[in-house]
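# A closer look at the structure
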Amino acid sequence: MRHPALSRRTLLKTGAAGAAGALLPAPALARPDTGVSAYAFPLTAVRLGSGPFADNAGRTQTYLRFLDSDRLLHMFRVTAGLASSATPCGGWESPTTELRGHSIGHVLSALAQAYASTGDTAFKTKGDYLVTQLALCQKSNGYLSAYPESFFDRLEGGQSVWAPYYTLHKIVAGLLDMYQLAGNVQARTVLERKATWVQSRNSVLTYAQRQQVLRTEFGGIGETLFNLYQITENAAHLTTAQYFDHAQILDPLAANTDALAGFHANTQIPKAIAAIRGFHATGTTRYRDIAVNFWNFVVRQHSYAIGGNSNGEYFQAPNRIASELSDTTCECCNSYNMLKLTRQLFFTDPSRAAEWMDFYEKALYNHLLGAQNPSSAHGFHCYYVPLRAGGIKSYSNDYDNFTCCHGTGMETNTKYVDSIYFYNGDTLYVNLFIASTLTWPGRGITIQQTTTYPETSTSRLTVTGSGQIDLRIRIPSWTTGAQVRVNGTLTGTPAPGSYLAISRTWASGDTVDISLPMALTQEATPDNSAVRAVKHGPIVLAGQFGTQNLTALPALNPANLTATGVPLEYTTGSVLLRPFYKTHGQRYSVYWSVSSTPPLPAFVAHYPFDETSGTTVTDATGNGRTATLAGGSTRTAGRSGNAVLLNGSNAYVNLPSGILNGATSFTVAAWVRIGTAANWTRVFDLGTGTGAYLFLTPRSSAGTARYAITSGGAGGEQQINAPAALPTGAWTHVAVTHTGNLGVLYVNGAEVARNSALTIRPSSLGSTTQNWIGRSQYAGDPYLAAAVDDFRLYSRALSASEISQLQ
Ligand SMILES: [Zn+2]
């Protein structure tokens, strides 16, 4: 964590004044980062509130407490010629696995992060012990590793060896975290000795020899060395960092060429992270361009709907997604590293903040949050996340796995607080909607964020303390109709894919309520537009297939998707869809073979109600959208011919499912002769329960007629409110039209009210199943007492003159 915008004096003050007074301030940087205009808060400044992230973090913390330090140290001691009676670890840490030793680095990072983000000194104590013991190993043989130095001889000699510098990077990164986050000065000493060893090992090689060495995966060694240079000002570390500039990968990226296909994905991502840290350390814009170009390629041309990348660990040709679905997609380390890269790019260029954080949220919720097994008290973790139809997640274990993703999983789950908020001077970026409390170092201001997002689409910020804050609230690109209220007052209509700025002097008790309505959408793959993932807002939904394996993508007609009433859950009629991050212990499909829904006709349905008997109501358009009378519906003389007579107690008319499915514009028009007018009856109400609906009531509790539409329950309604209730006792013509963001309410052919900020459309509601004349989605609302005639639905907005001609 780097935060040079805080002065050293502020840092010291923070350490003294913080609630967790025992926590050390992060050590000050000797060299401020170049080209940075946003900063992360220290992990000590943000605490998670309850929710899925805190649940994940708690399981990993339990595992960190459980892990036996001496077992982790065993092969380091053996390699250093020191005694060890511990049971060797298994998996990738076994005494014969060439990658052995990498996990202790992950554990050091995770312990440092767990300590900084919770204040629990048990994590620091455990990390301190590991550092002390690693220092003894280093002292014993001048080297520090769980495998012999001959591995590097093999590497430099062009012989086969797994990835010695990859492992070394994990160890030095862990040491750096113990120094920066847990104040362990010995860790810095061990780290600097190791960095000097790396320098001496490489300085005797030619450029060509070093480039040959770099063909073997080396992780983020360059990143850590750039970071060490920033901390120490020792130019030798900069020189060593640049030994790891891998021309074969960096040169095409500098030329903005996507030559990634065929390369091992997670080998390359840390090279881009090192590049952006190289820019911050040196100001060399070529490094920045490499990192930005790499991010653009990976996010736009190599990523799946869950935000992950790689198939069989390799980048494929650009824009191949549907053709690359397997059991070995989306290695978790890749997204761990892409999120690291993304936040560094945010610091570099906040003008693209909305784009950076849309991706960050996508990969965080849909890939990493769901990669930990919630049934495991120790937070066992996925390696790959299969995206073939019928795939199933599988997980690590305590001592016999220790894969790379088990390691980065420990890190991911101990730093969820690191990107919720960023700052620059008085500017505060609210990036993610995660229950948390920010205590702004040195400012005496606390921001508490209360939310159950994404199960609800709202979040509340509550300020304690006072002062000027230029607040920037992320408005995701996927939302429709975002609303932000300061102390209850609506503040602008922010555009999706932006940050809403609210600059003011804040006082204790001030609140900011953020509403981000979520709609049901599909994300098509670039190589097959019929292969799509289904999303609700930012959340990818997966079909739940239990023990049923699949040999092909399941078919999906989006018109059949209906909300179940449980947040973020839909059903196709036979298959349940729920958030992928909650999908565990069963086979699933994220991608579907989607059959396109034919577009609605312009004149969707027309019900003259001229039948004389039976419950069938013919659709006079000839489109076959037959309706049925239900409850105590009868017939009576209409405005022309017959009309349906609704008795006000149980009578209503049932319209077909999905009657406005996919519509972005529409008109509903009808003649009504209302008897007694009770509040909250419905002329019509098209919806799927109380979460998603559109309705017209003759009289709301405000005493006037109202049209409302929502995809997020009553709290998310967008409305058109008439100046009066609908008349009673006489035939009255009513119509609602909606196109673009404009909705208009007509009574007897004349406009009575409009709203030009309607961003929720019928297409946002999915396929509605409870489409009624005379009945509400809310069971407590009264039924309509009225005669209804000539009920019409269009998939376009009729003009005012067309409405008047329906009279
Ligand atoms: Zn991995």
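Residues numbered from 1 in each chain as written. Predicted model: local features only at pLDDT ≥ 70, side-chain atom pairs only at ≥ 80, totals over all residues. Heavy atoms only, no water.

The protein chain carries the name LamG-like jellyroll fold domain-containing protein in an unreviewed UniProt entry, which gives Actinoplanes regularis as its organism.

### Notes on the sheet that holds strand β10 (residues 489-490)
What the seven strands build is an open sheet, ordered β2-β5-β6-β7-β12-β9-β10; its pairing is antiparallel. Because the sheet does not close on itself, it has two edges, and the strands there are β2 (46-48) and β10. Sheet topology note: the strand β7 (residues 458-464)/strand β12 (residues 511-515) ladder contains five bridges and is antiparallel. In the strand pairing of β12, serine 459 is matched with isoleucine 514. (Pairing = 2+ DSSP bridges. Helix = DSSP H or I, 4+ residues; strand = E, 2+ residues; numbered from the N terminus.)

### Some thoughts on the packing of aromatic side chains
As enumerated under the stated definition, the model contains 40 aromatic pairs in all. Ring centres of tyrosine 63 and phenylalanine 66 lie 6.2 Å apart, and the angle between their planes is 25°; this geometry places the pair in the stacked category. With tyrosine 63 and phenylalanine 66 both in helix α2 (residues 52-66) and three residues apart, this pair spans about one turn of that helix. Each ring, one from phenylalanine 152 and one from tyrosine 165, has its centre 4.9 Å from the other, and the planes form 70°; the classification is edge-to-face. (Phe/Tyr/Trp six-rings, centres within 6.5 Å; stacked < 30°, edge-to-face > 60°.)

### With respect to the sheet that holds strand β11 (residues 498-506)
Ordered in space as β1-β3-β4-β8-β11, the five strands form an open sheet in which the pairing is mixed. A strand with exactly one partner marks an edge of an open sheet, and here the two such strands are β1 (39-40) and β11.

### Here's the deal with the nonpolar core
A general feature of soluble globular proteins is that nonpolar side chains tend to end up buried together. With 191 residues, the main nonpolar core has Phe294, Leu341, Leu471, Val590 and Tyr591 as its most contacted residues. Counting residues per element, this core draws most heavily on helix α7 (residues 164-182), at 11 residues. Setting aside chain neighbours within four positions, we find leucine 471 in contact with Leu428, Val430, Leu461, Leu500, Ala501, Ile502, Trp506 and Val512. (Core = buried A, V, L, I, M, F, W, Y, C linked by side-chain atoms within 4.5 Å. Buried < 20%, exposed > 50% of the residue type's maximum accessible area, 1.4 Å probe, protein only. Contact = heavy atoms within 4.5 Å.)

### A closer look at the coordination of the zinc ion
Surrounding the zinc ion are the protein donor atoms Glu331 (OE), Cys333 (SG), Cys404 (SG) and Cys405 (SG), which sit 2.2 to 2.3 Å from the metal. Because the angles between the four donor atoms bound to the zinc ion fall within 93 to 121°, the donor set is best described as tetrahedral. We note that the donor set of the zinc ion lies within a single chain, spaced as E-x1-C-x70-C-C. Residue cysteine 333 is located in helix α15 (residues 332-348), and its partner cysteine 405 is located in helix α17 (residues 404-412); the two are separated by 72 residues in the primary sequence. Cysteine 405 carries the same exposure label as cysteine 333, and that label is buried. (Donors = N, O, S within 2.8 Å, 3.2 Å for Na, K, Ca; no water. Tetrahedral: all angles 85-135°; square planar, octahedral: opposite > 155°, others 65-115°.)

### Observations concerning the domain arrangement of the protein chain
Looking at the protein chain, the domain boundaries give domain 1 (52-206 + 216-244), domain 2 (246-371), domain 3 (423-453 + 458-515), domain 4 (520-593) and domain 5 (603-805). Here domain 4 and domain 5 have C-alpha centroids that lie 31 Å from each other. The partner domain 5 presents seven residues to the six residues of domain 4 that form the contact. With both sides pooled, the region where domain 4 packs onto domain 5 buries about 480 Å², and carbon together with sulfur makes up 50% of that total. The three residues of domain 4 that bury the most area against domain 5 are Leu520, Ala559 and Thr562, which together make up 62% of that side's buried surface. The interface formed by domain 4 and domain 5 holds zero salt bridges in total. Grouping the constituent residues of the side of domain 4 that touches domain 5 by class yields five nonpolar, one polar and no charged. (Domains from an automatic or database assignment. Buried area = accessible area lost by both parts, 1.4 Å probe. Salt bridge = Lys/Arg side-chain N within 4 Å of Asp/Glu carboxyl O. Nonpolar A, V, L, I, M, F, W, Y, C, P; charged D, E, K, R; others polar.)

### Considerations on the packing of α15 against α17
Where α15 meets α17, the axes come as close as 8 Å, and the angle between the chain directions of the two elements is 40°. Between α15 and α17, the interaxial angle falls into the category oblique. Classified by chirality, the crossing of α17 by α15 is left-handed. Contact residues: Cys332, Cys333 and Tyr336 in α15; Cys404, Cys405, Thr408, Glu411 and Thr412 in α17. When the residues that make up the contact of α15 with α17 are grouped by side-chain class, the tally is five nonpolar, two polar and one charged. (Axes fitted to C-alpha atoms, helices over the stretch in contact; angles between N-to-C directions. Parallel < 35°, antiparallel > 145°, perpendicular 65-115°, else oblique. Left-handed = near helix turned anticlockwise from the far one by under 90°.)

### Brief notes about helix α11 (residues 235-242)
Because an α-helix completes one turn every 3.6 residues, residues spaced three or four positions apart along the sequence face the same direction. Looking only at α11, the buried set comprises His237, Leu238, Thr240 and Ala241. Looking down the long axis of α11, one finds its buried residues gathered within 165° of arc, a one-sided arrangement. Capping of α11 at its N-terminal end is provided by asparagine 234; its side-chain oxygen lies 2.9 Å from the backbone amide nitrogen of alanine 236. (Arc of directions from axis to C-beta. Polar contact = N/O pair within 3.5 Å; in protein donor to acceptor, adjacent residues only side chain to side chain.)

### Comments concerning unusual backbone geometry
Residue proline 454 is reached from tyrosine 453 by a cis peptide bond, and omega for that bond is 5°. Structurally, the position occupied by proline 454 is in the loop between β6 (445-451) and β7. For asparagine 487, which is not glycine, the phi dihedral falls at a positive 50°. Relative to the helices and strands, asparagine 487 is located in the loop between β9 (483-486) and β10.

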